[in-house]
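The residues making up each chain are set out below.
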Amino acid sequence: MKTFMCRFCGEPLKHSFVDFGMSPLSNSYLSKEELYQKEDFFPLRAFVCEHCFLVQLPEEQSPEKIFRNYAYFSSYSDSWLSHAKNYVEYIIERFGYNENHQIIELASNDGYLLQYFKQYGIPVLGIEPAENVVKAAQEKQIPTITEFFTKQLATQLAAQGIKADLLIGNNVLAQVPNLNNFVAGMKKILKPDGVITIEFPHLLQLMNQNQFDTIYHEHYSYFSFITTERIFDAHGLRLFDVEELPTHGGSLRIFGKHAENYSKIISDHVYQMEKKEIDAGLTKLPTYQSFRQKVENTKHKLLGFLIQAQKNGKSIVGYGAPAKGNTLLNYTGVHSDFLEYTVDKNPVKQNHYLPGTHIPIFHPDKIKETKPDYVLILPWNIKDEIMKQMSHIRQWGGKFVVPIPELKVYA
């Protein structure tokens, strides 16, 4: 068996966190013609490093293969746009950014966030590798570099005098296979008194809330606060504050600075978060090794519900075609024999099929046409937004099903 090395500390990875078997790339949606062609499957197994406790996947596919043409557009979620707008207002008030400062966002997607800084007249720059997504950002007149962010790119930009007063990275850290290079690049492009804010799903919440479906090939790593501190410290960056957020089932927003910048004191939140994770056992290997049982329990409960509903003659469809949903469906073996179809607001995904399971994706209006008994919400992290948007299913007695953290039916 091949031995993989930790992408942060370089130690051998000996311990499995969870193993889903073989799975397709979660964002590799299929056209009708592609249904009859060979489909690629890869091992989907997460390891935990016994030295730094970074949970991670081996790099089965390169970022170039996954992210150059990307199906995820941030602006299709109203709740995510609201989150971005609130962040911009908060960060401007906290640090006083104005037209004399430079904001740079890594993995800036379709300009969903930078557009709000632009409204305040603050200079912005996005760095985003997905060419199709960059087009949407440019339509918003958000200046965007179509490249992967690396230490080399950061060095080039810094040599041109382009450095960040505020460097942002939302839900990108997990998608970086060369983690040390990426964080070293942040050090390069940050002004001496600059601030970094990074948001990522919190590993503690992933484990406590059984959010195993957020594990897929596009996410190379899963972070606790303590491990993230170690990574940043290794590259001369210091975390001086942390906030817990409700997004993506429970995320962290970390605040970083140059280690040699003493103008910002370390918040008590940092020490409180360290204690919280230590008390939860995130610095002990057995904590990670017990996660697999939770995953198996969820599989059994979902399959049990679907089998019983089908026996009772009930119709079941999905809402959403998120990457996390593809991990869930492929792992549990739920195909179109259980789930007739799913729907999604993103037109890029409509009239395609989910990878592996080949469940068709339609416009949300399809649900009004077929009036299913149950709607399985795959992007459970925005279930409230979806249940409000689709509340009309109650007119015919339709119910919502949310599979994670525990299977629950909402009338």
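Anyway, here's the lowdown on the structure attached to this text. (Residues numbered from 1 in each chain as written. Predicted model: local features only at pLDDT ≥ 70, side-chain atom pairs only at ≥ 80, totals over all residues. Heavy atoms only, no water.)

1. A short note on the pairing of strand β12 (residues 316-319)
And then number 1: Where burial is concerned, the two faces of β12 agree: the one with Ile316 and Gly318 and the one with Val317 and Tyr319 are both buried.
And then number 2: Inspection of the sheet shows β12 paired to strand β15 (residues 374-377) by 4 bridges, in the parallel sense. What sits directly across from Ile316, in β15, is Tyr374.
And then number 3: Sheet analysis places β12 next to strand β13 (residues 342-343), joined by 2 bridges and oriented parallel. (Buried < 20%, exposed > 50% of the residue type's maximum accessible area, 1.4 Å probe, protein only. Helix = DSSP H or I, 4+ residues; strand = E, 2+ residues; numbered from the N terminus. Pairing = 2+ DSSP bridges.)

2. Focus: empty space enclosed by the protein
It is the rolling of a water-molecule-sized probe over the atoms that shows where space remains empty.
And then number 1: Per the counting criterion, the structure on display carries 1 cavity of 30 Å³ or more.
And then number 2: Roughly 100 Å³ of volume is contained in the largest cavity.
And then number 3: Around the largest cavity sit Ala174, Phe200, Pro201, His202, Leu203, Leu206, Gln211, Thr214, His219, Ser221, Tyr222 and Phe223, which together line it.
And then number 4: Of all the secondary structure elements, the ones that give two or more residues to the lining of the largest cavity are β8 (190-201), α7 (203-208) and β9 (221-222). (1 Å grid on protein atoms, 1.4 Å probe; cavity = no way out; pocket = protein on both sides within 12 Å on 5 of 7 lines; lining within 4 Å. Points joined across faces, edges and corners; volume = space filled by probe spheres on them.)

3. Section: the packing of helix α11 (residues 291-311) against helix α12 (residues 323-332)
When two helices pack together, their arrangement is captured by the angle between the axes and the distance separating the axes.
And then number 1: Axis separation between α11 and α12 bottoms out at 10 Å; the angle between their running directions is 80 degrees. In terms of orientation, α11 lies roughly perpendicular with respect to α12. Each of Val295, Glu296, Lys299, Leu302 and Leu303 in α11 lies in contact with α12, whose residues at this interface are Leu328, Tyr331 and Thr332.
And then number 2: Along the lines of polarity and charge, the residues of the contact of α11 with α12 split into 5 nonpolar, 1 polar and 2 charged. (Axes fitted to C-alpha atoms, helices over the stretch in contact; angles between N-to-C directions. Parallel < 35°, antiparallel > 145°, perpendicular 65-115°, else oblique. Contact = heavy atoms within 4.5 Å. Nonpolar A, V, L, I, M, F, W, Y, C, P; charged D, E, K, R; others polar.)

4. Considering the environment of Tyr220
And then number 1: Of note, Tyr220 is situated in the loop between α7 and β9.
And then number 2: On the basis of relative accessibility, which here comes to 1%, the residue Tyr220 falls in the buried class.
And then number 3: Residues Tyr220 and Val334, spaced 114 residues apart in sequence, show a C-alpha to C-alpha distance of 24 Å.

5. Thoughts on the packing of helix α5 (residues 151-159) against helix α6 (residues 179-189)
And then number 1: At a closest axis distance of 7 Å, the pairing of α5 and α6 adopts a crossing angle of 10 degrees. Judged by the inter-axis angle, α5 sits roughly parallel to α6. Along its contact with α5, which presents Lys151, Gln152, Ala154, Thr155, Leu157 and Ala158, the element α6 presents Asn181, Ala184, Gly185, Lys188 and Ile189.
And then number 2: Classifying every residue of the contact of α5 with α6 by side-chain character gives 5 nonpolar, 4 polar and 2 charged.

6. Focus: the pattern of salt bridges
And then number 1: Under the criterion given, the structure shown has 15 salt bridges.
And then number 2: Between Arg292 and Glu296 there is a salt bridge, and its shortest N-O distance comes to 2.8 Å. Of the two residues, Arg292 and Glu296 both sit in helix α11, 4 residues apart, roughly one turn of that helix.
And then number 3: A single salt-bridge network, built from bridges that share partners, covers Arg94, Glu199, Asp241, Glu243 and Arg253. (Salt bridge = Lys/Arg side-chain N within 4 Å of Asp/Glu carboxyl O.)

7. Quick look at the sheet that holds strand β7 (residues 164-170)
And then number 1: Spatial strand order, β6-β5-β4-β7-β8-β11-β10: 7 strands in an open sheet with mixed pairing. Bordering the open sheet on either side are β6 (144-145) and β10 (237-245), each of which pairs with just one other strand.
And then number 2: Where strand β4 (residues 103-106) meets β7, 4 bridges bridge the pair, whose relative direction is parallel. Note on β7: the bridge partner recorded for Ile104 is Leu167.

8. Re unusual backbone geometry
And then number 1: Here Ile404 and Pro405 are connected by a cis peptide whose omega angle stands at 10 degrees.
And then number 2: The topology assignment puts Pro405 in the loop between β16 (399-402) and β17 (408-410).
And then number 3: Phi is positive for Phe53, which is not a glycine, with a value near 65 degrees.
And then number 4: As for its position among the elements, Phe53 is in the loop between β2 (42-48) and β3 (55-56).

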